[in-house]
Amino acid sequence: MATIRDVAEKAGVNISTVSRVLNGKMHVEDQTRERVMQAVEELGYRPNLLAKALKERKSSTIALIVPNIRNQVFTALASGVEDMAIKCGYNLFLCDTGNDISIERSYIESLRERFVDGIIFATATSESEHLLKLNDDGFPMVLLLRHMGANIDAVYCDNYKASVDGTDYLFQKGCSRIAFLGGDRKISAYNERFNGYRDSVESHGLKVIDKLTYTGHETTFDAGYKAMTEYMKAYPDIDGLIATSDNEAIGAINAVKAAGKKVPDDIKVLGFADLDIVKYFDPPLSVMRQPLYEMGSAAVEMLIERINNGPVKPVRTKVFKTELIPRGSV
């Protein structure tokens, strides 16, 4: 493999001149620049990016850490992150923790050893104390989709209002006994969505029934199917469901069908996210839409600002609005 010294010898210049040419620096004669670039091409020289990162302590690389890339919510976020990273001249590492904090810690250590310039986390929970410490150390980072209510840059949506609006919408459509399906309440998004549901129900003069609120589980098709089956057995008069993920909502619709009932005639179902698949489901799923791609893009912009400005820049949050998308399930 050719080295920068080989290029310098072939072009008849010193190493510092080659370095100035490759880094786009001025004060190099056109004739000299042409000789250097010709030598680079003939030798097939490729810069040693690791050596450059070690010297400059900067790699033009960022990372996105997600809890489960198979969940299409995180796939959509990653798409927005990657496109904006490329646009801004950064490479991207994508890391999947499988919801394992020990794996996340290992990723953080490995990424810092490779001089990654900053990290976007879509994994934060109320127990993510290691993220608080990382932030206190001044390492550039942004929380995405979730937040910790602390002094950390974050991009997320107004989950509370979205849940209030979604539950109110079901009441407006004639529902009177609405169930709730949600994930682990240690995660800010799911906790806020539950609080919004609860406050909407109580604002309509009703009490929240514990057996109609299923939380603390994986937001999967199977979880939605299982919970909805249990709801219908315990409360045959259930007529509405708000789910905090599209996967749960689709699983719930399949459970309604398996019980010989119809959506939306017997039970109306509202999801949360607006994944590509839901508009093609039968019936098409009504949702509170999150602008996931745009949120991923915004997180990159915020992270690069933090990288460039350091810890002196005030902490920022960007809160996106959700949008009600009515379809056939309501």
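Everything below is about the structure shown above.
Here is what the cut-offs are and how they apply
- Residues numbered from 1 in each chain as written.
- Predicted model: local features only at pLDDT ≥ 70, side-chain atom pairs only at ≥ 80, totals over all residues.
- Heavy atoms only, no water.
- Helix = DSSP H or I, 4+ residues; strand = E, 2+ residues; numbered from the N terminus.
- Rg over C-alpha atoms; globule rule 2.2 N^0.38 Å.
- Buried < 20%, exposed > 50% of the residue type's maximum accessible area, 1.4 Å probe, protein only.
- Contact = heavy atoms within 4.5 Å.
- Lys, Arg positive; Asp, Glu negative; His and termini not counted.
- Charge placed at Lys NZ, Arg CZ, Asp CG, Glu CD.
- Salt bridge = Lys/Arg side-chain N within 4 Å of Asp/Glu carboxyl O.
- Polar contact = N/O pair within 3.5 Å; in protein donor to acceptor, adjacent residues only side chain to side chain.
- Phe/Tyr/Trp six-rings, centres within 6.5 Å; stacked < 30°, edge-to-face > 60°.
- Core = buried A, V, L, I, M, F, W, Y, C linked by side-chain atoms within 4.5 Å.
- Pairing = 2+ DSSP bridges.
- Axes fitted to C-alpha atoms, helices over the stretch in contact; angles between N-to-C directions.

**Side note on the overall build of the protein**
In terms of helices and strands, the protein carries 12 helices and 12 strands. The C-alpha atoms of the protein give 25 Å as radius of gyration, which overshoots the globular expectation for 330 residues (20 Å, by more than 25%). Here the protein holds 330 residues, and the buried ones make up 50% of them. Across the protein, every contact between residues at least 6 apart in sequence was considered, and the portion connecting residues at least 24 apart equals 69%. In the protein, 41 positive and 45 negative side-chain charges are present, and the distance between their average locations comes to 1 Å.

**Thoughts on the pattern of salt bridges**
Counted according to the given criterion, the structure contains 11 salt bridges. Taking the shortest distance from any N to any O, the salt bridge between glutamate 127 and lysine 186 comes out at 3.1 Å. Taken as a pair, glutamate 127 in the loop between strand S3 (118-121) and helix H7 (129-136) and lysine 186 in the loop between strand S6 (178-183) and helix H9 (188-203) lie far apart in primary sequence, 59 residues in all. Using a relative accessible area of 45% as the deciding quantity, one classes glutamate 127 as partly exposed. When its relative accessible area of 39% is taken as the criterion, lysine 186 is described as partly exposed. A salt bridge links arginine 316 to aspartate 153, with the shortest nitrogen-to-oxygen separation between them at 2.9 Å. With a gap of 163 residues between them, arginine 316 in the loop between helix H12 (292-309) and strand S11 (317-320) and aspartate 153 in the loop between strand S4 (141-144) and strand S5 (154-157) connect regions that are remote in the sequence. Through salt bridges with shared partners, one network takes in Asp153, Glu305, Arg306 and Arg316.

**Considerations on the side chain of aspartate 153**
What makes aspartate 153 buried here is its relative accessible area of 2%. Polar contacts involving the side chain of aspartate 153 include one to the main-chain amide nitrogen of arginine 316, which spans 2.9 Å. If sequence neighbours within four positions are ignored, aspartate 153 has contacts with Met141, Val142, Leu143, Met302, Arg306, Pro314, Val315 and Arg316.

**A few points about the side chain of histidine 147**
Relative to the assigned elements, histidine 147 resides in the loop between S4 and S5. Judged by relative accessible area, which is 18%, histidine 147 ranks as buried. At a separation of 3.2 Å, a polar atom in the side chain of histidine 147 contacts the main-chain amide nitrogen of glycine 149. In this view, histidine 147 contacts Ala154, Tyr156, Ser188 and Glu192; residues no more than four positions away in its chain are not counted.

**A word on the packing of aromatic side chains**
The description of an aromatic ring pair rests on the distance of the ring centres and on the angle between the ring planes. One pass over the structure, following the stated rule, counts three aromatic pairs. Where phenylalanine 180 meets phenylalanine 194, the ring centres are 5.5 Å apart and the plane angle is 75 degrees; that geometry is what we call edge-to-face. Remark: phenylalanine 194 occurs in helix H9 and phenylalanine 180 occurs in strand S6; sequence separation between them is 14 residues. Take phenylalanine 180: its relative accessible area is 1%, and that puts it in the buried class. These aromatic residues form a ring-pair network of at least three members: Phe180, Phe194 and Tyr197.

**Section: the nonpolar core**
What tends to happen in soluble globular proteins is that the nonpolar side chains get buried as a cluster. With 70 residues, the main nonpolar core has Leu144, Val155, Met228 and Met295 as its most contacted residues. For this core, the leading source of residues is H12, giving nine residues. Counting residues in hydrophobic clusters, the runner-up holds 17 residues, among them Cys95, Val116, Met141 and Tyr156.

**So, the pairing of S5**
On S5, burial covers both faces: Ala154 and Tyr156 on one face and Val155 and Cys157 on the other are all buried. In this sheet, S5 lies alongside S4 in parallel orientation, the contact comprising two bridges. Bridging from a neighbouring strand, leucine 144 pairs with valine 155 of S5. By the bridge criterion, four bridges tie S5 to S11 in an arrangement that is parallel. Pairing of alanine 154 across the sheet is with threonine 317, part of S11.

**Points about the sheet that holds strand S7 (residues 213-217)**
Reading across from one edge, S7-S6-S8-S9-S10-S12 is the order of the six strands in this open sheet, with mixed pairing throughout. In the strand order of this sheet, the two ends are held by S7 and strand S12 (323-325), each with one partner. Neighbouring strand axes in the sheet, compared pairwise and without regard to direction, differ in orientation by 15 degrees on average. Bridging between strand S10 (residues 286-289) and S12 involves three bridges; their strand directions are antiparallel.

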